[in-house]
Amino acid sequence: MKPILTFLAFIALLGSHARAGVSFPGETIDEWHGFKRHNFMVDGYAAWVVEPMKALPGLPWSWCMEFPDAFTDRCAAPQLLAAGFHHVHIVVGNTFGSPEAVRHFNAFYDLLIAHGLAKKAALIGLSRGGLYAYRFASERPEGVAVIYGDAPLCDIRIVRGGDGFGKGNPGDWANIMKGYGFKSDAEALAYRGNPVDTLAPLAKAKVAIIHVIGDADDLVLPAKNSNVIEQRYRQFGGEIQVIHKPGVGHHPHGLDDPKPVVDFILKHASRP
């Protein structure tokens, strides 16, 4: 029996070494906030994966959907890396989570899972990145453990503006019209694929949600975004926590001490 046990132990050791790090075809290596970063291409788009010093069992990971280098220290990613999470990003540009962008997200996700990362990600959505996060999650709810939205855009009508939805942005609205293939403003305004409209599948999949918002945000209005998400998600029986920053506008994102967000993500996305 001893030789068999020794052989099995040897195989287990090999397996542990194989899981110790990730690598990707054609990658280059650099550093991101003091951690090793793998840079490579997916679907013709630049992507990267940052590796923790010591990965947690099951290889949990966080995914900043947009603006990964904005307010980074305030928005949980370095702290999650220190705790043993991988951290990832794919550069799809100013696409507002369009159907084409979601196709690239799916290709990226599938590649990461094939390389051994956990099947459920922790999504980080800053500002318009919230739209990216919820758009992906609504199509792949089984692939998401947590959504962390930070002043997240949850309704494209904010970008058009008017009718109580704020001042809007004509240039960004043109990008949405093109990216989504809307033929008219009326068609865009009737769209029901916004985060505020697609919460039922997330609640069913038990996706945990945490938002951090500035109560004085006049760009992504809480009343039309996070407040609607919170009310509707609770109605669906979903778990959601909202951290309010009284008197704060759209910026700065995150928290002086992001520990509450980090703890929430660790609780819901670090189970092997």
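Residues numbered from 1 in each chain as written. Predicted model: local features only at pLDDT ≥ 70, side-chain atom pairs only at ≥ 80, totals over all residues. Heavy atoms only, no water.

A few words now on the nonpolar core. If you look at the biggest cluster of nonpolar residues, it comprises 43 residues, and the most contacted ones within it are Trp61, Trp63, Phe105, Phe108, Leu123 and Ile147. Here the element with the most residues in this core is helix α3 (residues 99-114); it accounts for six residues. Here tryptophan 63 is in contact with His87, Val88, His89, Ile90, Phe105, Phe108, Tyr109, Ala122, Leu123, Ile124 and Phe136, once residues within four sequence places are set aside. Residues Ala122, Ile124, Ala208 and Phe264 belong to the second largest nonpolar core, which totals 21 residues. (Core = buried A, V, L, I, M, F, W, Y, C linked by side-chain atoms within 4.5 Å. Buried < 20%, exposed > 50% of the residue type's maximum accessible area, 1.4 Å probe, protein only. Helix = DSSP H or I, 4+ residues; strand = E, 2+ residues; numbered from the N terminus. Contact = heavy atoms within 4.5 Å.)

A few words on the pairing of strand β6 (residues 121-126). Within β6, six of the six residues are buried, which leaves the element mostly enclosed by the surrounding structure. Here β6 shows a buried face lined by Ala121, Leu123 and Gly125 and a second buried face lined by Ala122, Ile124 and Leu126. As paired elements, strand β4 (residues 61-64) and β6 share three bridges and run parallel to each other. Bridge assignment links serine 62 to a residue of β6, and that residue is alanine 122. Across six bridges, β6 lies against strand β7 (residues 144-150) in parallel orientation. When the bridges of β7 are listed, leucine 123 appears paired with isoleucine 147. A crossover connection joins β6 to the parallel β7 through helix α4 (residues 129-139); in handedness this β-α-β unit is right-handed. (Pairing = 2+ DSSP bridges. Right-handed = clockwise from strand over helix to strand, strands pointing away.)

Put simply, histidine 251 and proline 252 share a cis peptide bond, and its omega is 0°. Residue placement: proline 252 occurs in the loop between β9 (240-245) and α10 (259-269). Even without a glycine there, the phi angle at aspartate 43 is positive, about 60°. Structurally, aspartate 43 can be placed in the loop between β2 (35-42) and β3 (45-51). Residue aspartate 43 is classed as partly exposed on the basis of its relative accessible area of 45%. Phi at phenylalanine 67 takes a positive value of approximately 60°, unusual for a residue other than glycine. Among the structural elements, phenylalanine 67 can be located in the loop between β4 and α2 (77-83).

These results come straight from atomic positions and should not be treated as a statement about function.
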